[in-house]
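What follows is the residue order along each chain.
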Amino acid sequence: MSLGANLLEQLLYEEEGHTLDFKRAQYPFEGADSNTKSELLKDILAFANAWRQATAYVLIGVDEAKGGRSQIVGVETHLDDAKLHQFVNSKTQRPVDFSYYPVRTEDVEIGVIEIPLQTRPIYLVKPFGKLNPNIVYKRDGSSTAIALPDEVARMGAVQVSVEIPGLILEWANIERRVILPSPCDLYSLILEPLLPDDTFEKQKRRSPYSFSLNDYGWNENYFREMILYTFEMNFLKPLSLRLCNRSGIVARRVRFVGSITKESTVFVTDNPPARPYRNHMDGINESIVPLASQLKSNPDPCVRELDERWEITIDFGDVRPREEIWTTSPLFIGSRGGIIKLEGKLLGDNIPKPVPCALEVRFEVKKRPMERTDVESYLR
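Residues numbered from 1 in each chain as written. Predicted model: local features only at pLDDT ≥ 70, side-chain atom pairs only at ≥ 80, totals over all residues. Heavy atoms only, no water.

1. Quick notes on the overall build of the protein chain
And then number 1: Helix and strand content of the protein chain: eight helices and 20 strands.
And then number 2: Sequence-distant contacts, at least 24 apart, represent 77% of the contacts inside the protein chain between residues at least 6 apart.
And then number 3: With an accessible surface of roughly 20200 Å², the protein chain has 49% of that area assigned to carbon and sulfur atoms. (Helix = DSSP H or I, 4+ residues; strand = E, 2+ residues; numbered from the N terminus. Contact = heavy atoms within 4.5 Å. Areas by Shrake-Rupley, 256 points an atom, 1.4 Å probe, with all protein chains shown as cover.)

2. Some remarks on the sheet that holds strand S2 (residues 56-60)
And then number 1: An order of S1-S2-S6-S5 is seen for the four strands of this open sheet, with the pairing classed as mixed. The open sheet has two free edges, formed respectively by strand S1 (20-23) and strand S5 (99-105), since each of these has just one partner strand. Taking each pair of neighbouring strands and ignoring which way they run, the sheet shows an average axis angle of 20 degrees.
And then number 2: In this structure, S5 lies alongside strand S6 (residues 108-115), joined through seven bridges in antiparallel fashion. Opposite Tyr100, over in S6, you have Ile113 as the bridge partner.
And then number 3: Packing of helix H2 (residues 34-48) onto the sheet brings it into contact with S1, S2 and S6, and relative to S6 it is tilted by some 50 degrees. (Pairing = 2+ DSSP bridges. Axes fitted to C-alpha atoms, helices over the stretch in contact; angles between N-to-C directions.)

3. Some details on the nonpolar core
And then number 1: Grouped together as the largest cluster of nonpolar side chains are 32 residues, with contacts concentrated most on Leu169, Trp171, Phe256 and Phe316.
And then number 2: In terms of residue count, strand S16 (residues 309-319) provides more of this core than any other element does, five residues in total.
And then number 3: Among the nonpolar cores identified, the runner-up in size contains 26 residues, and Ala56, Val88, Ile113 and Tyr137 belong to it. (Core = buried A, V, L, I, M, F, W, Y, C linked by side-chain atoms within 4.5 Å. Buried < 20%, exposed > 50% of the residue type's maximum accessible area, 1.4 Å probe, protein only.)

4. Regarding the pairing of S5
And then number 1: Buried residues dominate S5, accounting for five of its seven residues.
And then number 2: A loop of two residues connects S5 with S6, the two strands running antiparallel in sequence, and Glu106 in this loop sits at a positive phi of about 50 degrees.

5. Topic: the pairing of S16
And then number 1: Of all the eleven residues making up S16, nine are buried; the element is thus mostly covered by neighbouring parts of the structure.
And then number 2: In the sheet, strand S13 (residues 251-261) pairs with S16 via nine bridges, with the strands oriented antiparallel. Within S16, the residue paired with Ile260 across the bridge is Trp310.
And then number 3: Direction of pairing for strand S15 (residues 302-305) relative to S16: antiparallel, over a ladder of four bridges.

6. Considering the sheet that holds S16
Note: strands within a sheet are paired through backbone hydrogen bonds, in either parallel or antiparallel orientation.
And then number 1: Taken in spatial order, the six strands of this open sheet run S11-S20-S19-S13-S16-S15, and their pairing is mixed. Pairing within the sheet leaves two strands with one partner each, and these edge strands are strand S11 (184-191) and S15. Averaged over all pairs of adjacent strands, the angle between strand axes in this sheet comes to 25 degrees, irrespective of strand direction.
And then number 2: Of the pairings in the sheet, the one linking S13 to strand S19 (residues 338-347) comprises five bridges and is antiparallel in character. The residue of S19 that forms the bridge with Gly258 is Gly344.
And then number 3: Sitting on the sheet, helix H1 (residues 5-12) is in contact with S13 and S16, with an inclination near 10 degrees to S16.

7. Some thoughts on the packing of aromatic side chains
And then number 1: Applying the stated rule across the entire model yields seven aromatic pairs.
And then number 2: When the ring of Phe231 is compared with that of Phe235, the centres are 5.5 Å apart and the planes differ by 20 degrees; the resulting orientation is stacked. Taken together, the residues Phe231 and Phe235, both in helix H5 (residues 222-235) and four residues apart, mark about one turn of the helix. Here Phe231 and Phe235 have matching classes, each one buried.
And then number 3: Within the aromatic cluster, the residues linked to one another by ring pairs are Phe29, Phe87 and Phe128. (Phe/Tyr/Trp six-rings, centres within 6.5 Å; stacked < 30°, edge-to-face > 60°.)

8. Section: the side chain of Asp270
And then number 1: On the secondary structure map, Asp270 appears in the loop between strand S14 (266-269) and helix H6 (280-287).
And then number 2: In this structure Asp270 is buried but unpaired, with Arg304 as the nearest side chain of opposite charge at 9.4 Å.
And then number 3: Separated by 3.4 Å, the side chains of Asp270 and Asn271 make a polar contact.
And then number 4: Setting aside residues up to four positions removed in sequence, Asp270 forms contacts with Pro301, Cys302, Val303, Pro330 and Phe332. (Lys, Arg positive; Asp, Glu negative; His and termini not counted. Salt bridge = Lys/Arg side-chain N within 4 Å of Asp/Glu carboxyl O. Polar contact = N/O pair within 3.5 Å; in protein donor to acceptor, adjacent residues only side chain to side chain.)

9. Some words on the environment of Leu124
And then number 1: By secondary structure assignment, the location of Leu124 is in the loop between S6 and strand S7 (137-140).
And then number 2: Distance from Leu124 to Asn89, taken between C-alpha atoms, is 9.3 Å for residues 35 residues apart in sequence.
And then number 3: Contacts of Leu124, omitting those with residues within four sequence positions, involve Leu41, Leu45, Lys91, Thr92, Leu131, Asn132, Pro133 and Asn134.

10. Looking at the confidence of the model for the protein chain
And then number 1: The predicted model of the protein chain has a mean per-residue pLDDT of 87, with 89% of residues at 70 or higher.
And then number 2: Predicted confidence is poor over residues 289-297, with pLDDT under 50, and the contacts of this stretch with residues over four places away or in other chains come to four contacts. (pLDDT = per-residue confidence, 0-100.)

11. Some points on the packing of H2 against helix H3 (residues 81-89)
Relative orientation and spacing of two packed helices are given, respectively, by the angle between their axes and the distance between those axes.
And then number 1: H3 packs onto H2 with a crossing angle of 80 degrees between their chain directions and a minimal axis gap of 11 Å. Regarding the angle of H2 to H3, the classification is roughly perpendicular. Of H3, the residues touching H2 (which contributes Lys37, Leu40, Leu41 and Ile44) are Leu84, Phe87 and Val88.
And then number 2: A breakdown of the residues in the contact of H2 with H3 according to their chemical character gives six nonpolar, no polar and one charged. (Parallel < 35°, antiparallel > 145°, perpendicular 65-115°, else oblique. Nonpolar A, V, L, I, M, F, W, Y, C, P; charged D, E, K, R; others polar.)

12. A closer look at H5
And then number 1: Between its first and last C-alpha atoms H5 spans 20 Å; for 14 residues at 1.5 Å apiece the expected length is 20 Å, and the two agree.
And then number 2: Along H5, the residues that are buried comprise Tyr222, Phe223, Met226, Ile227, Tyr229, Thr230, Phe231, Asn234 and Phe235.
And then number 3: In this structure, the buried residues of H5 make contact with S11, strand S12 (237-245), S14, strand S18 (331-335) and helix H8 (372-376). (Expected span 1.5 Å × (residues − 1).)

13. Some thoughts on unusual backbone geometry
And then number 1: Omega for the bond connecting Arg120 with Pro121 falls within 30 degrees of zero, at 0 degrees, which places this linkage in the cis form.
And then number 2: Mapped onto the fold, Pro121 is located in the loop between S6 and S7.
And then number 3: Residue Pro183 is bonded to the preceding Ser182 through a cis peptide linkage, with omega at 5 degrees.
And then number 4: With respect to the secondary-structure elements, Pro183 resides in the loop between strand S10 (178-180) and S11.
And then number 5: A positive phi angle, close to 55 degrees, is found at Arg177, a residue other than glycine.
And then number 6: Mapping Arg177 onto the fold places it in the loop between strand S9 (167-173) and S10.
And then number 7: Even without being a glycine, Arg253 presents a positive backbone phi close to 50 degrees.
And then number 8: Mapping Arg253 onto the fold places it in strand S13.

Written as structure tokens, this is what we have:
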């Protein structure tokens, strides 16, 4: 289990209710008496029995801020998931489905108790602390209440059912904000052979006997790197994705997992071609990302190179009804011709079966020798 950055950020702006609770401090557990530990037990039972349509979360180490973003304060210790399961399930008439795990964010760690939808009612078989047996505790808004007999009867009669969100994943151009078809036609230029490394005069410092701050970080391989950069800029093509929820319910914690078959003629990355600089320090300065941009929770594709495929994952987080979520950065795909297939599936908390996805890219490729003017167009 894990809590993605997108979903965590969204939860921090929500208020406590049937699916969410904030705790500033960690629950006392090891060495605590039964009355104290019963508070933790009651919270887990209440969320398990709640009338809800999505996974519930208890965020520990978070100070609630009504009407704004709740503050992350962190915790010093964590609950042991195995011991917590043994503690809870030794006292209930049926096992409770939940998990505890730490999440690191903003240089601290918080604790997360995640409680998915499950068969109800769940109750204690013996008294424990402040809790009574055969009583069904439920989450009622932001507090805990006791379920009435008719509610308990309905819990037992109604099977857990979840309306399935209607999701569709499509190719997109984020700059023009338009949807692209599948197969999507891309046009690539292969500049081969490359120019010789000595095509351009090697950069020299102003004087071999003088030194200034401008000389610090001097890139003597600038033109060689620019030749490679020119090839990549013409070979690799950006392609983004858009996820749309066409249903009337929230799709919870949506994640795409897919792959492209690895071939010698295909290259896939989530990093744009790295522009060379005459001075390495210029590149460092331009690579500094403002803090506000770093804290944004927009989805970005992540590419991993495996033995036989390129694995692509995207964490979309929660997708509200009729909402469109665009990847904030594109994939960069290069091919020497033919059709490339991206095949995968969409997963989510309230998606009982993975939603299959298949998208195609059709490359039209031209090839010619690299010319000096090709490189000069990128020089600065």
